[in-house]
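Descriptive analysis of the structure
The lines below spell out each chain.
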Amino acid sequence: MDIEKTIKKKIDDSFNPIHYQFINFSSQHKKHYHGNDDEVSHVKLLIVSKIFEDLNKIDRERKVHKVLKDEISKVIHSLRLKLYTEEEYKLVK
């Protein structure tokens, strides 16, 4: 299973997102990151979930990091997170 599918499955299983977006921006970092050109090394995730209600930004990020700990330690060089409740997402969209 490729990394994008693996991450999507873990996010779906753990957060049951209302909205999810995976953005691979690895190509913007080829010159300073010495990975294989085909690797997914720099990722941005946008996740909208009810699970984030009553959690501050740091606790939300901790939850995502815990779920993706293997991918972060082995594959992902940079992970940017945009984590919203449904109400918050309506305001930024």
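Treat the numbers as computed from the prediction; the structure is a model and nothing was measured.

What counts and how
- Residues numbered from 1 in each chain as written.
- Predicted model: local features only at pLDDT ≥ 70, side-chain atom pairs only at ≥ 80, totals over all residues.
- Heavy atoms only, no water.
- Pairing = 2+ DSSP bridges.
- Helix = DSSP H or I, 4+ residues; strand = E, 2+ residues; numbered from the N terminus.
- Axes fitted to C-alpha atoms, helices over the stretch in contact; angles between N-to-C directions.
- Contact = heavy atoms within 4.5 Å.
- Salt bridge = Lys/Arg side-chain N within 4 Å of Asp/Glu carboxyl O.
- Buried < 20%, exposed > 50% of the residue type's maximum accessible area, 1.4 Å probe, protein only.
- Phe/Tyr/Trp six-rings, centres within 6.5 Å; stacked < 30°, edge-to-face > 60°.
- Expected span 1.5 Å × (residues − 1).
- Arc of directions from axis to C-beta.
- Polar contact = N/O pair within 3.5 Å; in protein donor to acceptor, adjacent residues only side chain to side chain.

Strand pairing in a sheet relies on backbone hydrogen bonds, with the paired strands running either antiparallel or parallel. One open sheet holds the 3 strands; their spatial order is S1-S2-S3, and the pairing between them is mixed. The two strands at the open ends of the sheet, each matched to only one other strand, are strand S1 (19-24) and strand S3 (78-84). When the angles between neighbouring strand axes are averaged without regard to direction, this sheet yields 10 degrees. Taken strand by strand, helix H1 (residues 3-15) contacts S1 and strand S2 (42-48), and its axis lies near 155 degrees from that of S1.

This part is about the pattern of salt bridges. Under the counting rule described, the total for this entry stands at 6 salt bridges. Taking the shortest distance from any N to any O, the salt bridge between Asp13 and Lys9 comes out at 2.7 Å. With Asp13 and Lys9 both in helix H1, this residue pair falls 4 residues apart, about one helical turn. By relative accessible area, Lys9 is classed as partly exposed at 43%. The salt bridge partner of Glu88 is Arg60, with a shortest N-O separation of 2.7 Å. Of this pair, Glu88 sits in helix H4 (residues 86-92) while Arg60 is found in helix H2 (residues 57-67), placing the two residues 28 residues apart along the sequence. With a relative accessible area of 7%, Arg60 lands in the buried category.

This brings us to the packing of aromatic side chains. All chains considered together, the criterion is met by 2 aromatic pairs. Where Phe15 meets Phe52, the ring centres are 5.4 Å apart and the plane angle is 35 degrees; that geometry is what we call tilted. Taken together, the residues Phe15 in helix H1 and Phe52 in the loop between S2 and H2 connect sequence positions 37 residues apart. Judged by its relative accessible area of 3%, Phe15 is buried. Both rings, one in Tyr84 and one in Tyr89, keep their centres 5.9 Å apart while their planes meet at 45 degrees; by these two values the pair is tilted. Its relative accessible area of 18% is what places Tyr84 among the buried residues.

Taking 1.5 Å per residue, 13 residues should reach 18 Å; H1 reaches 18 Å between its end C-alpha atoms and fits that length. Of the residues making up H1, those classed as buried are Ile3, Thr6, Ile7, Ile11 and Phe15. Projected down its long axis, H1 shows its buried positions confined to an angular sector of 125 degrees, all on one face. Across H1 from its buried face, at more than 90 degrees, point the exposed residues Lys5 and Asp13. The opening residue of H1, the one whose side-chain oxygen lies 3.2 Å from the backbone nitrogen of Glu4, is Asp2. Among the residues trailing H1, Asn16 stands out with phi positive, at a value near 40 degrees.

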